[in-house]
Amino acid sequence: MNAPLKDRQAALQGMGESRLRKEDARFIQGKGNYVDDIKMPGMLFMDIVRAPVAHARIKKINKEAALAIPGVHAVLTADDLKPLKLHWMPTLAGDVQAVLADEKVHFQMQEVAIVIADDRYIAADAVEAVVVEYDELPAVIDPFKALEQDAPILREDLAGKTEGAHGKRYHHNHIFTWDSGDKEKADAAFSAAQVTVEQKMFYQRVHPCPLETCGCVASFDPIRGELTTYITSQAPHVVRTVVSMLSGIPESKVRIISPDIGGGFGNKVGIYPGYVCAIVASIVLGRPVKWIEDRIENLSSTAFARDYHMTGELAATNEGKITGLRVNVIADHGAFDSCADPTKFPAGMFHIVSGSYDIPAAYCRVDGVYTNKAPGGVAYRCSFRVTEAVYLIERMVDVLAQKLNIDKAEIRRKNFIRKEQFPYTSAFGFEYDSGDYHTALDKVLNAVDYKGLRKEQAATRANPNSPTLMGIGLVSFTEVVGAGPSKICDILGVGMFDSCEIRVHPTGSAIARMGTITQGQGHQTTYAQIIATELGLPSEVIQVEEGDTSTAPYGLGTYGSRSTPVAGAAIALASRKIHAKAKKIAAHLLEVSENDLEWEIDRFKLKGDDSKFKTMKDIAWAAYHQPPAGMEPGLEAVHYYDPPNFTYPFGIYLCVVDIDKATGETKVRRFYALDDCGTRINPMIIDGQIHGGLTEGYAVAMGQQLTFDAQGNIQGNTLMDYFLPTAVETPKWETDFTVTPSPHHPLGAKGVAESPHVGSIPTFTSAVVDAFAHLGVTHMNMPHNAYRVWQQLQASGVTS
Amino acid sequence: MSKQIVTMTINGKKVEKAVEPRTLLIHFLREEMVLTGAHIGCETSHCGACTVDVDGKSIKSCTHLAVQCDGSEVLTVEGLADKGVLHAVQEAFYQEHGLQCGFCTPGMLVRAYRFLQDTPDPTEEQIRMGMAGNLCRCTGYQNIVKAVQSAAKKLKAQTKESVAA
Ligand code: FES
Ligand code: FES
């Protein structure tokens, strides 16, 4: 009975083990259940008529030809939704968005009408047959032009409104001004500075582009008055609340199910017109309605990210000690402000922009602007604008280093928040929980032989016959994730807590239900590992369920690296409630006092006596069979976790590139990523998440951009043009780690999946710019594709 | 629209169905045959999520008509396992953590299956090139490459065994 401790430990497959994934069995056999796999009896298909122009008045919509096609059930426009008051919907950012274009079109590919038909082929025919007449208006694509005095009014529905959801609007195309920090103090630091640097940079518009597009199957049962919707949503509970508020159906009769999701990366947080239309269509027709976006629709209309025009400034001493930071951003939000941020933060967590550095005075300001582009502004694999913030500060530190002729590693070391300064309150008011940046930096520099690399670079530069330029990129980022404490973080008033319900069954297996939803992160595997360690039950017998609002406790979903920091804590604390009850039962069974018991892996035992014990399995049986007198039977618990603070994962990334002097092609020779995400739950999964995040970062830095011509035509909205790297371009990744647990998280875990995206993007820019640093170049805007790098080679006189 | 009869063998089973000539193979498989393993990620031949094997070649079934497969042998991810025993590529993707959201996986597996038939002893570079028609947004490919390498080893060992037997 008394197997060796380490065997008992191993049998649990708990925290720290590279447990193979429980979800894989269905995916490798083609038995996943994604939204487009769902079929319901009598199901119809919806397709969307979209605007071919970016800014226009709708003169007339003629449905007749479409309705005449056999198999077409309905064609609906804004006018049809008006009586239901569903032609506009509130956005998560406090704005409104047209569900179907109401008299006016605000961006190319905007939803203008929907058709519902027997199958997707007939629906596509019907889309072609709907005739819409437009009166074109001048389109405004550049946010700076949008703010000019005589710029066309884009949002006529807001005309005359000088107050927006986030305070004063000073111009008809202005959305909000948001700022943070102490302006006066920052200005004073700049007046007194020995050195200052300024750099403008543009973080281009990109798209998360998960391999599965968005879609839903809405099914309204007119007899029961119940609405069930399968939807590709990273936040099903929020969707339920919003749908109930919009439709008037009680929340108890709305069931939202996120099935298997083919990647999210922020694309699947928002609530899109297509979802609302499918739900309306199902209510109107009394039949299930499926809507699946195609790739062009996905890239053109749902959820862009970034589009920040940023200016950074640093004040410093001659020795490179930073004394002040100022940041100014013009944020292009497109036609409607539908950013998916915590409601009170129109620029998300952008004020993490002081990064890993001890900067005494700082101020940042962001102005949101309307243009004739798709709405969005989502957190593409990041925690609400952290990517933009990290990009800015990491670039600025490089710019300063270059100006002062100090090494990139040295200037970072000089300005890092020191280990003993944690918990550290930044000039923007964030309380960084823990960190050890110096140790991490040294580990990376040693691992790659940084000095050797610099020597090699000097030699390459000195050799006029070298066919390549060599660049070394270095970044030391800190993220803020795990939104978040409900005293400051909410979405439409709902606090950003998360939840877990665990039931231990009589025979010692268990089921856990969660308010989050996995999109590839492997929750079914890792959550079970946490419970296994906490409760001493093998993870193999722990079932994890998420995504069905009828069974799962309310939670805010999975994005912003919040699953482990928030839901992971809920799991631990729900487990601990069960643990506490189990201890009482064990004491009862062993007829001793609770104080005489100690916990050991999978059992309570009498202190100092290995022969007297009760395993969790024994206790589970007893909980249903012979609980102590006066105790409720059963062994289950629910915990809603409202985090006291965010968590602050960090990392040091280093990249070496070789740029072909003739073609501008950039080869990533080496990429070394050290991450510190606190306590590590499943190293295999962490590495996988890091590989994936680095690859997405590589895509953003080296090739992704959604561009528009002057008329507002979106260019490159197919996978022909939008860069998704294949296995050939993708670099090989080297990963490493340090462990600095979060002191306020019950497990010490901080969240990891977004760090590699956030941290790698500035690393690539740092490396590419570094290749040109000796030629006086301080910054190059992304994407660093061969053409653009070649232009720099020309401008710098490297090639002619 | 008038329909046309097509006959093909799918995962070893003969089927005969009337389809509209414009029906894409991916829709035929997913909707008529309820083989929902292969997915749609782009409908423009770029992503490879829809990859199936037709007459010994990897085919992107989003840009292939069902009627083009009249008389063909079609293999999808659902046909890879043999009487409940996973194929070496399936086992390897599991062991090496070669998948995350799983959306690209059916296409990847069917492609890896064909690639290893054609290139039983591949270098890493060959694997990267040979799998380049299949996009993955989650894994960064590193573990997919490892999985294909390990499946190659296992398949070679199996061939040796069967030769020896
Ligand atoms: S769906 Fe066929 S290649 Fe993308
Ligand atoms: S595992 Fe998600 S796309 Fe490959």
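Cut-offs applied
- Residues numbered from 1 in each chain as written.
- Chains lettered and ligands numbered in written order.
- Predicted model: local features only at pLDDT ≥ 70, side-chain atom pairs only at ≥ 80, totals over all residues.
- Heavy atoms only, no water.
- UniProt positions renumbered as here; feature names shortened; annotations may be inferred.
- Phe/Tyr/Trp six-rings, centres within 6.5 Å; stacked < 30°, edge-to-face > 60°.
- Buried < 20%, exposed > 50% of the residue type's maximum accessible area, 1.4 Å probe, protein only.
- Helix = DSSP H or I, 4+ residues; strand = E, 2+ residues; numbered from the N terminus.
- Pairing = 2+ DSSP bridges.
- Axes fitted to C-alpha atoms, helices over the stretch in contact; angles between N-to-C directions.
- Contact = heavy atoms within 4.5 Å.
- Domains from an automatic or database assignment.
- Buried area = accessible area lost by both parts, 1.4 Å probe.
- Salt bridge = Lys/Arg side-chain N within 4 Å of Asp/Glu carboxyl O.
- Polar contact = N/O pair within 3.5 Å; in protein donor to acceptor, adjacent residues only side chain to side chain.
- Nonpolar A, V, L, I, M, F, W, Y, C, P; charged D, E, K, R; others polar.
- Core = buried A, V, L, I, M, F, W, Y, C linked by side-chain atoms within 4.5 Å.
- 1 Å grid on protein atoms, 1.4 Å probe; cavity = no way out; pocket = protein on both sides within 12 Å on 5 of 7 lines; lining within 4 Å.
- Points joined across faces, edges and corners; volume = space filled by probe spheres on them.

As annotated in an unreviewed UniProt entry, chain B is Carbon monoxide dehydrogenase small chain from mine drainage metagenome.

As annotated in an unreviewed UniProt entry, chain A carries the name Carbon monoxide dehydrogenase large chain and is attributed to mine drainage metagenome. Regarding chain A, the relevant UniProt record gives this comment under Cofactor (unreviewed entry): "Cu(+)".

A. The packing of aromatic side chains, seen in detail. Residues and elements named next belong to chain A. Scanning all chains against the criterion turns up 27 aromatic pairs over all chains. Ring centres of Y424 and Y432 lie 5.7 Å apart, and the angle between their planes is 85 degrees; on these two criteria the pair is classed as edge-to-face. The class of Y424 is buried, set by a relative accessible area of 8%. Ring geometry for Y698 against F764: centres 5.6 Å apart, planes inclined by 70 degrees, an arrangement best described as edge-to-face. Here Y698, found in helix α18 (residues 683-702), pairs with F764, found in helix α19 (residues 755-772); they are 66 residues apart in sequence, far enough to count as distant.

B. Region of interest: the sheet that holds strand β33 (residues 666-676) of chain A. All names here are of chain A. Taken in spatial order, the four strands of this open sheet run β22-β32-β33-β36, and their pairing is mixed. Here the strands that pair on one side only, and so sit at the sheet edges, are β22 (468-478) and β36 (734-737). Between one strand axis and the next, the sheet turns by 15 degrees as a mean value, whatever way the strands run. Pairing geometry for β22 and strand β32 (residues 650-660), over eleven bridges, is antiparallel. Residue pairing in the sheet places L469 in a bridge with I659 of β32. Those strands touched by helix α13 (residues 437-448) are β22, β32, β33 and β36, and its axis lies near 30 degrees from that of β32. Where α19 meets the sheet, it contacts β22, β32 and β33, and its direction lies at approximately 145 degrees from that of β22.

C. Quick look at the domain arrangement of chain A. Residue and element names in this part refer to chain A. If you check the domain split of chain A, you get domain 1 (5-32 + 498-641), domain 2 (43-137 + 213-261 + 269-301) and domain 3 (304-483 + 646-795). Inter-centroid distance (C-alpha atoms) of domain 1 to domain 3 is 37 Å. The interface of domain 1 with domain 3 comprises 29 residues on the first partner and 25 residues on the second. Interface area for domain 1 against domain 3, summed over the two sides, is near 1800 Å², with a carbon-plus-sulfur share of 64%. On the domain 1 side of the contact with domain 3, G560, S561 and P565 bury the most area, a combined 27% of that side's loss. For the pair domain 1 and domain 3, the number of links is zero salt bridges. Where domain 1 packs against domain 3, one counts eight residue pairs in polar contact (both at pLDDT 80 or more). Those elements that place two or more of their residues in the side of domain 1 that touches domain 3 are α15 (523-535) and α16 (563-590). Ranked by residues supplied to the side of domain 1 that touches domain 3, first place goes to α16 with eight residues. The residue inventory of the side of domain 1 that touches domain 3, partitioned by class, reads ten nonpolar, 13 polar and six charged.

D. Highlighting the domain arrangement of chain B. Residues and elements named next belong to chain B. Taken as a whole, chain B is organised into domain 1 (4-79) and domain 2 (88-164). Each partner contributes to the interface: domain 1 provides 19 residues, whereas domain 2 provides 13 residues. Carbon and sulfur atoms make up 59% of the surface buried where domain 1 meets domain 2, a total of about 1200 Å² over both sides. Summed over the three residues of domain 1 that lose the most area to domain 2, namely H39, T51 and V77, the buried surface amounts to 36% of that side. At the boundary of domain 1 and domain 2, one finds one salt bridge. The residue R114 makes a salt bridge to D53 at a minimum N-O spacing of 2.9 Å. The interface formed by domain 1 and domain 2 holds eight residue pairs in polar contact (both at pLDDT 80 or more) in total.

E. Examining the sheet that holds strand β26 (residues 510-514) of chain A more closely. All names here are of chain A. An order of β27-β26-β25-β31 is seen for the four strands of this open sheet, with the pairing classed as mixed. Edge positions in the open sheet fall to β27 (542-546) and β31 (636-641), since each of these has one partner strand only. In this sheet, adjacent strand axes meet at a mean angle of 15 degrees when their direction is disregarded. Pairing geometry for strand β25 (residues 498-504) and β31, over six bridges, is antiparallel. Its bridge partner being in β31, S499 is matched across the sheet by Y640. Each of β25, β26 and β27 touches α15; the most contacted strand, β27, lies at about 130 degrees to it.

F. Inspection of the nonpolar core at higher detail. F350(A), L654(A) and F93(B) are the most contacted members of the largest nonpolar core, which totals 217 residues. The element that contributes the greatest number of residues to this core is helix α11 (residues 386-404) of chain A, accounting for twelve residues. What F93(B) contacts, discounting residues up to four positions off in sequence, is I28(A), G98(B), L99(B), T105(B), M108(B), L109(B), A112(B), I144(B), A147(B) and V148(B). Ranked by size, the runner-up nonpolar core spans 44 residues in total, among them V504(A), A528(A), A567(A) and L590(A).

G. Fine view of the interface of chain A and chain B. Contacts between the two partners involve 53 residues from chain A and, on the opposite side, 47 residues from chain B. Looking at the side of chain A facing chain B, the largest losses of area belong to I28(A), Y121(A) and L211(A), adding up to 19% of the total buried there. K732(A) is the salt-bridge partner of E124(B), the closest N and O atoms lying 3.7 Å from each other. Elements supplying a minimum of two residues to the side of chain A that touches chain B: α2 (24-28), α5 (120-129) and α18 of chain A. It is α18(A) that provides the largest number of residues to the side of chain A that touches chain B, a total of nine residues.

H. Just the layout of surface pockets, in detail. In this structure, the largest pocket encloses a volume near 820 Å³. D47(A), A124(A), D294(A), E297(A) and E43(B) are, among the 39 residues lining the largest pocket, the residues nearest its centre. Those elements giving two or more residues to the lining of the largest pocket turn out to be β1 (44-50), α5, β16 (289-292) and α10 (295-301) of chain A together with α1 (25-32) of chain B. By residue class, the composition of the lining of the largest pocket is 18 nonpolar, six polar and 15 charged. Estimated volume of the second largest pocket: approximately 560 Å³. The wall of the second largest pocket is formed by 23 residues, among which T666(A), K667(A), Y698(A), V728(A) and E729(A) lie closest to the centre. Taken together, the elements giving at least two residues each to the lining of the second largest pocket come down to β33 and α18 of chain A together with α4 (124-130) of chain B.

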